[in-house]
Amino acid sequence: MSDSAFAAEKERLLQDVRQVLSSTEDLLSTAGDEGSDKARALHQKVAENLKLAKDRLHDAEQLVVGKAKVAAKATDQYVHDNPWKSIGIAAGVGLLLGVLISRR
């Protein structure tokens, strides 16, 4: 799986998690505070777990963004330090992909 496909898959997963969290929030808000003490306690517990999940998702997103920035900066620095080697690697990868595509 290429880096761009992996990044797209991660973004789809994060979007799905956001949608589930949003749906859960909507469900909690429509359920309201009606019902027994047991129902209210369950409502409170679900709301706390939802907040925790949102916080963890936010932390995970920040971590992924941070790692992507570090990787991009390291790649940029490598290309600036080794331009001919980088061109050779890119040409080799392009040739390999061309051979693989032409086989199909």
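Residues numbered from 1 in each chain as written. Predicted model: local features only at pLDDT ≥ 70, side-chain atom pairs only at ≥ 80, totals over all residues. Heavy atoms only, no water.

1. So, the overall build of the protein
The line we're drawing: Strands are runs of DSSP state E lasting at least two residues, helices are runs of H or I lasting at least four, and both sets are numbered from the N terminus onward. The rule is simple: take the accessible area with a 1.4 Å probe, protein chains only, and divide by the maximum for that residue type; under 20% is buried, over 50% is exposed, in between is partly exposed. Only the protein chains shown count as cover for residues, with accessible areas throughout obtained via the Shrake-Rupley method and a probe of 1.4 Å.
The helix and strand tally for the protein stands at 3 helices and 0 strands. For the protein, the α and β elements follow one another from N to C terminus as α-α-α. Counting only residues that meet the buried cut, the protein has 7% of its 104 residues in that class. Within the structure as shown, the protein displays about 8800 Å² of accessible surface, and the carbon and sulfur contribution to it stands at 62%.

2. Remarks on the side chain of Glu61
The condition that has to hold: Residue contacts are defined here by distance: any two heavy atoms, one from each residue, within 4.5 Å place the two residues in contact.
Among the structural elements, Glu61 can be located in helix H2 (residues 37–81). Those residues in contact with Glu61 that sit more than four places away from it in its chain are Leu14 and Arg18.

3. Structural notes on the side chain of Ser86
Looking at the element boundaries, Ser86 is found in helix H3 (residues 83–103). Overall, Ser86 belongs to the buried group, its relative accessible area being 13%.

4. Looking at a nonpolar patch on the surface
The following threshold applies: Residues enter a patch when their relative accessible area is above 30% and they make no salt bridge; the linking distance is 9 Å between like charges and 5 Å between nonpolar side chains (Val, Leu, Ile, Met, Phe, Trp, Tyr). One side-chain nitrogen of Lys or Arg within 4 Å of one carboxyl oxygen of Asp or Glu is enough to make a salt bridge.
On the surface, Tyr78, Val79, Ile89, Val93, Leu96, Leu97, Leu100 and Ile101 cluster together into a nonpolar patch covering about 740 Å² of accessible area. Those elements giving two or more residues to the nonpolar patch turn out to be H2 and H3. Top contributing element to the nonpolar patch by residue count: H3, with 6 residues. Among the structural elements, Val79 can be located in helix H2.

5. Some details on the confidence of the model for the protein
Selection criterion: Confidence per residue, as judged by the predictor, is encoded in pLDDT with a range of 0 to 100.
Taken as a whole, the protein shows an average pLDDT of 79; of its residues, 85% reach a score of 70 or greater. Mean pLDDT across the elements of the protein bottoms out in helix H1 (residues 3–31) (73) and peaks in H3 (91).

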